[in-house]
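# Close look at the chain arrangement
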Amino acid sequence: MQQIPAPGHGSGAEPKQKGRYTKMKIKNIKKELRIKFSNSKPGQKCREWINSFRTGKRVSKVGFVLQNKKMKPSDSVAFLIFSLPAVYTCPYATADCLRYCYAKSAYMYPSVCINHAGNYMASLQDTFVTDVCKAIREKIYTKKGGIRKAFINPRTGKPKKVYVRIHESGDFYSKVYLLKWIEIAEQFPELKFFAYTKSVPYFYDLELPANFIARFSIFPDSPAEHVAWIRENNKPFYVAVDAFSAECEYKCDCADGCGACGCQCGTSKKAIETILKK
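Residues numbered from 1 in each chain as written. Predicted model: local features only at pLDDT ≥ 70, side-chain atom pairs only at ≥ 80, totals over all residues. Heavy atoms only, no water.

## Considerations on the nonpolar core
Within the largest apolar cluster, 59 residues are counted, with the highest numbers of intra-cluster contacts made by Phe64, Ile136, Phe172, Trp181, Ile184, Phe193 and Phe212. No other element matches the seven residues that helix α5 (residues 128-140) contributes to this core. In contact with Phe212, other than residues within four places in its own chain, are Ile166, Phe172, Leu178, Trp181, Ile182, Ala185 and Phe193. In this structure, Met71, Val77, Ile81 and Tyr196 belong to the second largest nonpolar core, which totals nine residues. (Core = buried A, V, L, I, M, F, W, Y, C linked by side-chain atoms within 4.5 Å. Buried < 20%, exposed > 50% of the residue type's maximum accessible area, 1.4 Å probe, protein only. Helix = DSSP H or I, 4+ residues; strand = E, 2+ residues; numbered from the N terminus. Contact = heavy atoms within 4.5 Å.)

## Quick word on α5
Between its terminal C-alpha atoms α5 stretches 18 Å, which fits the 18 Å expected from 13 residues at 1.5 Å a residue. Turning to α5, its buried residues are Phe128, Val129, Val132, Cys133, Ala135, Ile136 and Ile140. Seen from one end, α5 has its buried residues packed into an arc of 160 degrees, which puts them on one side. Among the exposed residues of α5, those pointing more than 90 degrees away from its buried face are Thr130 and Lys134. Where the residues of α5 are buried, they touch β1 (77-82), α4 (110-123), β2 (161-166), α6 (175-186) and β3 (192-197). (Expected span 1.5 Å × (residues − 1). Arc of directions from axis to C-beta.)

## Here we look at the pattern of salt bridges
Under the counting rule described, the total for this entry stands at three salt bridges. The residue Asp75 makes a salt bridge to Arg155 at a minimum N-O spacing of 3.2 Å. Placement of Asp75 in the loop between α2 (41-54) and β1 and of Arg155 in the loop between α5 and β2 is noted, with a sequence separation of 80 residues between them. Relative accessible area serves as the criterion here: at 34%, Asp75 is assigned to the partly exposed category. Of the residues examined, Arg155 reaches a relative accessible area of 61% and is grouped as exposed. The salt bridge partner of Arg99 is Asp96, with a shortest N-O separation of 3.2 Å. Pair noted here: Arg99 and Asp96 are both in helix α3 (residues 95-100), with a separation of three residues, about one helical turn. (Salt bridge = Lys/Arg side-chain N within 4 Å of Asp/Glu carboxyl O.)

## Let's talk about the pairing of β1
A large share of β1 lies buried, amounting to six of its six residues. On β1, burial covers both faces: Val77, Phe79 and Ile81 on one face and Ala78, Leu80 and Phe82 on the other are all buried. Sheet topology note: the β1/β2 ladder contains six bridges and is parallel. Along β2, the bridge assignment pairs Ala78 with Val162. (Pairing = 2+ DSSP bridges.)

## What about the environment of Phe64?
Counting through the fold element by element, Phe64 comes out in the loop between α2 and β1. Taking the C-alpha atoms as reference points, Phe64 and Ser83, separated by 19 residues in sequence, lie 7.8 Å from one another. Those residues in contact with Phe64 that lie beyond four places of it in its chain are Leu80, Ile81, Phe82, Asn115, Val132, Ala135, Ile136, Lys139, Val164 and Trp181.

## Considerations on the environment of Leu191
Mapped onto the secondary structure, Leu191 falls in the loop between α6 and β3. Distance from Leu191 to Phe212, taken between C-alpha atoms, is 8.9 Å for residues 21 residues apart in sequence.

## Observations regarding the side chain of Ser199
Looking at where Ser199 falls in the secondary structure, it is placed in the loop between β3 and β4 (212-218). A distance of 3.5 Å separates the side chain of Ser199 from the side chain of Asp171, its partner in a polar contact. Dropping the residues within four chain positions of it, Ser199 is found in contact with Pro91, Tyr92, Asp171 and Phe172. (Polar contact = N/O pair within 3.5 Å; in protein donor to acceptor, adjacent residues only side chain to side chain.)

## Observations regarding the confidence of the model for the chain
Close reading of the predicted structure is inappropriate where its pLDDT is low. Of the residues in the chain, 71% reach a pLDDT of 70 or more, and the chain-wide mean stands at 76. Here helix α8 (residues 268-277) stands out as the element of the chain with the lowest mean pLDDT, 43, in contrast to α6, whose mean of 97 is the highest. Contacts from residues 242-278, a stretch scored under 50 in pLDDT, to residues over four places away or in other chains number 68 contacts. (pLDDT = per-residue confidence, 0-100.)

This is the structure in C-alpha coordinates:
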(Lines give C-alpha, C1' and ligand atoms only; values in the text may rest on other atoms or scores of the structure.)
Protein backbone atom coordinates (compact mmCIF):
# COMPACT_ATOMS: atom_id res chain seq x y z
CA MET A 1 0.00 0.00 0.00
CA GLN A 2 1.33 3.39 -0.93
CA GLN A 3 1.40 6.13 1.66
CA ILE A 4 -0.46 9.33 0.82
CA PRO A 5 2.07 12.16 1.14
CA ALA A 6 0.86 15.34 2.79
CA PRO A 7 1.75 18.77 1.40
CA GLY A 8 5.19 19.75 2.66
CA HIS A 9 6.63 16.22 2.71
CA GLY A 10 9.75 15.82 0.65
CA SER A 11 9.94 19.52 -0.26
CA GLY A 12 13.09 21.50 0.36
CA ALA A 13 16.31 20.34 1.96
CA GLU A 14 16.07 17.76 4.71
CA PRO A 15 16.91 19.43 8.06
CA LYS A 16 20.23 18.33 9.52
CA GLN A 17 19.80 15.92 12.42
CA LYS A 18 22.09 15.55 15.41
CA GLY A 19 21.75 13.18 18.31
CA ARG A 20 21.65 9.45 18.79
CA TYR A 21 21.55 8.55 15.08
CA THR A 22 23.18 9.67 11.88
CA LYS A 23 21.14 11.82 9.48
CA MET A 24 20.66 8.91 7.06
CA LYS A 25 19.60 6.46 9.77
CA ILE A 26 17.02 8.90 11.13
CA LYS A 27 15.67 9.44 7.61
CA ASN A 28 15.35 5.67 7.12
CA ILE A 29 13.67 5.18 10.49
CA LYS A 30 11.14 7.94 9.73
CA LYS A 31 10.39 6.41 6.32
CA GLU A 32 9.96 2.95 7.85
CA LEU A 33 7.61 4.24 10.58
CA ARG A 34 5.48 6.21 8.09
CA ILE A 35 5.09 3.14 5.85
CA LYS A 36 4.35 0.93 8.86
CA PHE A 37 1.56 3.26 9.99
CA SER A 38 0.23 3.63 6.45
CA ASN A 39 -0.07 -0.16 6.15
CA SER A 40 -1.58 -0.67 9.59
CA LYS A 41 -5.35 -1.00 10.03
CA PRO A 42 -5.73 2.50 11.57
CA GLY A 43 -3.57 3.97 8.79
CA GLN A 44 -5.58 2.21 6.09
CA LYS A 45 -8.85 3.47 7.58
CA CYS A 46 -7.57 7.04 7.66
CA ARG A 47 -6.31 6.78 4.08
CA GLU A 48 -9.65 5.36 2.91
CA TRP A 49 -11.51 8.37 4.31
CA ILE A 50 -9.03 10.83 2.77
CA ASN A 51 -9.52 9.15 -0.60
CA SER A 52 -13.30 9.22 -0.22
CA PHE A 53 -13.11 13.02 0.06
CA ARG A 54 -10.66 13.26 -2.84
CA THR A 55 -12.92 11.27 -5.17
CA GLY A 56 -15.96 13.34 -4.26
CA LYS A 57 -17.76 10.52 -2.47
CA ARG A 58 -17.94 12.72 0.61
CA VAL A 59 -18.10 16.50 0.98
CA SER A 60 -15.30 18.03 3.08
CA LYS A 61 -16.54 20.05 6.02
CA VAL A 62 -14.76 21.80 8.88
CA GLY A 63 -15.41 19.97 12.13
CA PHE A 64 -14.58 21.05 15.69
CA VAL A 65 -15.02 18.95 18.83
CA LEU A 66 -15.68 20.52 22.23
CA GLN A 67 -13.49 18.38 24.47
CA ASN A 68 -11.03 15.52 24.75
CA LYS A 69 -9.52 13.51 27.60
CA LYS A 70 -7.32 16.37 28.83
CA MET A 71 -9.30 19.42 27.77
CA LYS A 72 -12.76 19.42 29.29
CA PRO A 73 -15.02 22.47 29.60
CA SER A 74 -15.65 24.00 33.01
CA ASP A 75 -17.86 26.81 34.30
CA SER A 76 -15.29 29.37 33.14
CA VAL A 77 -13.48 27.71 30.21
CA ALA A 78 -14.61 26.19 26.89
CA PHE A 79 -12.70 24.55 24.04
CA LEU A 80 -12.93 24.19 20.29
CA ILE A 81 -10.56 21.48 19.02
CA PHE A 82 -9.48 21.14 15.38
CA SER A 83 -7.49 18.14 14.18
CA LEU A 84 -5.82 16.76 11.05
CA PRO A 85 -4.71 13.20 10.20
CA ALA A 86 -1.68 12.20 12.27
CA VAL A 87 1.58 11.38 10.45
CA TYR A 88 0.27 12.44 7.00
CA THR A 89 0.35 16.12 7.98
CA CYS A 90 3.51 16.15 10.11
CA PRO A 91 6.45 17.07 7.81
CA TYR A 92 8.86 17.72 10.70
CA ALA A 93 7.93 14.74 12.86
CA THR A 94 11.05 13.07 14.25
CA ALA A 95 11.60 9.32 14.47
CA ASP A 96 10.70 9.35 18.18
CA CYS A 97 7.60 11.42 17.49
CA LEU A 98 6.39 8.96 14.85
CA ARG A 99 7.16 5.98 17.05
CA TYR A 100 5.32 7.23 20.14
CA CYS A 101 2.51 9.25 18.50
CA TYR A 102 -0.58 8.87 20.70
CA ALA A 103 -2.98 10.10 18.01
CA LYS A 104 -2.51 7.09 15.70
CA SER A 105 -4.54 4.77 17.91
CA ALA A 106 -7.65 6.95 17.46
CA TYR A 107 -8.10 5.82 13.85
CA MET A 108 -9.83 2.64 14.92
CA TYR A 109 -12.89 4.89 15.34
CA PRO A 110 -14.63 5.83 12.03
CA SER A 111 -15.90 9.15 13.41
CA VAL A 112 -12.32 10.27 14.10
CA CYS A 113 -11.21 9.29 10.58
CA ILE A 114 -14.12 11.21 9.06
CA ASN A 115 -13.46 14.33 11.15
CA HIS A 116 -9.70 14.46 10.56
CA ALA A 117 -9.88 13.60 6.85
CA GLY A 118 -12.66 16.13 6.29
CA ASN A 119 -10.67 18.85 8.04
CA TYR A 120 -7.59 18.02 5.99
CA MET A 121 -9.40 18.25 2.68
CA ALA A 122 -11.16 21.46 3.80
CA SER A 123 -7.77 22.96 4.72
CA LEU A 124 -6.63 22.59 1.10
CA GLN A 125 -9.47 24.75 -0.20
CA ASP A 126 -9.19 28.48 -0.95
CA THR A 127 -12.28 28.98 1.24
CA PHE A 128 -10.69 27.45 4.35
CA VAL A 129 -10.38 30.70 6.32
CA THR A 130 -13.99 31.62 5.57
CA ASP A 131 -15.20 28.10 6.36
CA VAL A 132 -13.39 27.94 9.71
CA CYS A 133 -14.59 31.40 10.75
CA LYS A 134 -18.15 30.37 9.90
CA ALA A 135 -17.80 27.11 11.87
CA ILE A 136 -16.46 28.97 14.94
CA ARG A 137 -19.30 31.50 14.84
CA GLU A 138 -21.90 28.74 14.49
CA LYS A 139 -20.44 26.88 17.47
CA ILE A 140 -20.27 29.88 19.81
CA TYR A 141 -22.93 32.33 18.65
CA THR A 142 -26.64 32.08 17.87
CA LYS A 143 -28.14 33.38 14.62
CA LYS A 144 -29.29 36.48 16.49
CA GLY A 145 -25.76 37.21 17.70
CA GLY A 146 -26.12 35.92 21.23
CA ILE A 147 -23.81 33.42 22.91
CA ARG A 148 -24.85 29.79 23.12
CA LYS A 149 -25.51 28.30 26.55
CA ALA A 150 -22.45 25.98 26.40
CA PHE A 151 -20.22 29.07 26.22
CA ILE A 152 -21.77 31.02 29.11
CA ASN A 153 -20.55 30.74 32.70
CA PRO A 154 -23.57 29.40 34.64
CA ARG A 155 -22.42 31.08 37.86
CA THR A 156 -21.76 34.58 36.53
CA GLY A 157 -23.79 34.68 33.31
CA LYS A 158 -20.73 36.05 31.51
CA PRO A 159 -19.06 34.48 28.44
CA LYS A 160 -16.54 31.73 29.12
CA LYS A 161 -12.93 32.07 28.08
CA VAL A 162 -12.71 30.09 24.81
CA TYR A 163 -9.54 28.31 23.69
CA VAL A 164 -9.19 27.05 20.12
CA ARG A 165 -6.80 24.10 20.15
CA ILE A 166 -5.20 23.73 16.73
CA HIS A 167 -4.14 20.15 16.07
CA GLU A 168 -4.91 17.73 18.83
CA SER A 169 -3.67 15.51 16.00
CA GLY A 170 -1.57 16.58 13.00
CA ASP A 171 0.57 19.68 12.51
CA PHE A 172 1.12 22.71 10.27
CA TYR A 173 1.97 20.94 7.01
CA SER A 174 2.97 24.10 5.10
CA LYS A 175 3.60 27.78 5.71
CA VAL A 176 0.60 28.70 3.55
CA TYR A 177 -1.59 26.61 5.84
CA LEU A 178 -0.08 28.24 8.96
CA LEU A 179 -0.79 31.71 7.53
CA LYS A 180 -4.44 30.72 7.13
CA TRP A 181 -4.69 30.04 10.88
CA ILE A 182 -3.00 33.35 11.69
CA GLU A 183 -5.61 35.11 9.56
CA ILE A 184 -8.38 33.23 11.40
CA ALA A 185 -6.95 34.18 14.82
CA GLU A 186 -6.84 37.85 13.79
CA GLN A 187 -10.58 37.73 13.12
CA PHE A 188 -11.35 36.49 16.65
CA PRO A 189 -9.32 38.62 19.10
CA GLU A 190 -11.68 37.53 21.92
CA LEU A 191 -10.56 33.88 21.55
CA LYS A 192 -7.23 32.24 22.44
CA PHE A 193 -5.66 30.01 19.77
CA PHE A 194 -2.91 27.59 20.76
CA ALA A 195 -0.96 24.76 19.16
CA TYR A 196 1.89 22.39 19.85
CA THR A 197 4.07 22.11 16.77
CA LYS A 198 7.29 20.70 15.38
CA SER A 199 7.03 22.73 12.16
CA VAL A 200 9.57 25.21 13.51
CA PRO A 201 10.94 26.60 10.19
CA TYR A 202 7.51 27.91 9.17
CA PHE A 203 7.65 30.33 12.14
CA TYR A 204 11.14 31.76 11.54
CA ASP A 205 10.09 35.15 10.16
CA LEU A 206 6.56 35.42 11.55
CA GLU A 207 5.07 37.67 14.18
CA LEU A 208 2.08 35.95 15.73
CA PRO A 209 -1.05 37.76 16.93
CA ALA A 210 -1.30 38.27 20.69
CA ASN A 211 -4.07 35.66 20.89
CA PHE A 212 -2.07 32.96 19.04
CA ILE A 213 0.21 30.80 21.22
CA ALA A 214 2.61 28.39 19.52
CA ARG A 215 4.40 26.01 21.88
CA PHE A 216 7.22 24.18 20.15
CA SER A 217 7.59 20.47 20.90
CA ILE A 218 11.08 19.13 21.46
CA PHE A 219 12.03 15.45 21.41
CA PRO A 220 15.51 14.09 22.19
CA ASP A 221 16.04 13.63 18.43
CA SER A 222 14.78 17.08 17.40
CA PRO A 223 17.06 18.91 14.91
CA ALA A 224 19.69 20.95 16.73
CA GLU A 225 19.03 24.04 14.59
CA HIS A 226 15.35 23.99 15.57
CA VAL A 227 16.25 23.84 19.26
CA ALA A 228 18.84 26.62 18.84
CA TRP A 229 16.29 28.93 17.18
CA ILE A 230 13.74 28.25 19.93
CA ARG A 231 16.27 29.06 22.65
CA GLU A 232 17.81 32.09 20.90
CA ASN A 233 14.39 33.65 20.34
CA ASN A 234 13.10 32.75 23.81
CA LYS A 235 10.13 30.80 22.40
CA PRO A 236 7.91 28.72 24.68
CA PHE A 237 8.55 25.03 24.26
CA TYR A 238 7.45 21.69 25.61
CA VAL A 239 9.83 18.79 26.18
CA ALA A 240 7.98 15.58 25.40
CA VAL A 241 9.81 12.88 27.34
CA ASP A 242 7.37 11.08 29.64
CA ALA A 243 5.73 9.06 26.88
CA PHE A 244 8.81 6.92 26.32
CA SER A 245 10.96 7.55 29.44
CA ALA A 246 13.75 9.16 27.44
CA GLU A 247 16.59 11.20 28.86
CA CYS A 248 15.68 14.87 28.49
CA GLU A 249 18.58 16.69 26.82
CA TYR A 250 16.98 20.13 26.97
CA LYS A 251 16.15 20.72 30.63
CA CYS A 252 16.36 24.34 31.63
CA ASP A 253 18.74 25.76 34.21
CA CYS A 254 16.27 27.83 36.20
CA ALA A 255 17.37 29.20 39.56
CA ASP A 256 13.73 29.21 40.63
CA GLY A 257 13.18 25.59 39.63
CA CYS A 258 12.56 23.73 36.40
CA GLY A 259 9.82 25.35 34.34
CA ALA A 260 10.27 28.91 35.61
CA CYS A 261 11.46 29.98 32.15
CA GLY A 262 8.36 28.71 30.38
CA CYS A 263 9.76 25.32 29.40
CA GLN A 264 7.52 22.43 30.35
CA CYS A 265 9.11 19.06 31.03
CA GLY A 266 6.56 16.36 31.74
CA THR A 267 3.02 15.64 30.74
CA SER A 268 1.09 17.62 28.16
CA LYS A 269 -1.55 18.23 30.83
CA LYS A 270 0.93 20.40 32.74
CA ALA A 271 1.77 22.32 29.58
CA ILE A 272 -1.92 22.89 28.85
CA GLU A 273 -2.47 24.17 32.39
CA THR A 274 0.42 26.60 31.90
CA ILE A 275 -1.14 27.95 28.70
CA LEU A 276 -4.52 28.38 30.35
CA LYS A 277 -3.00 30.55 33.08
CA LYS A 278 -1.71 33.06 30.51
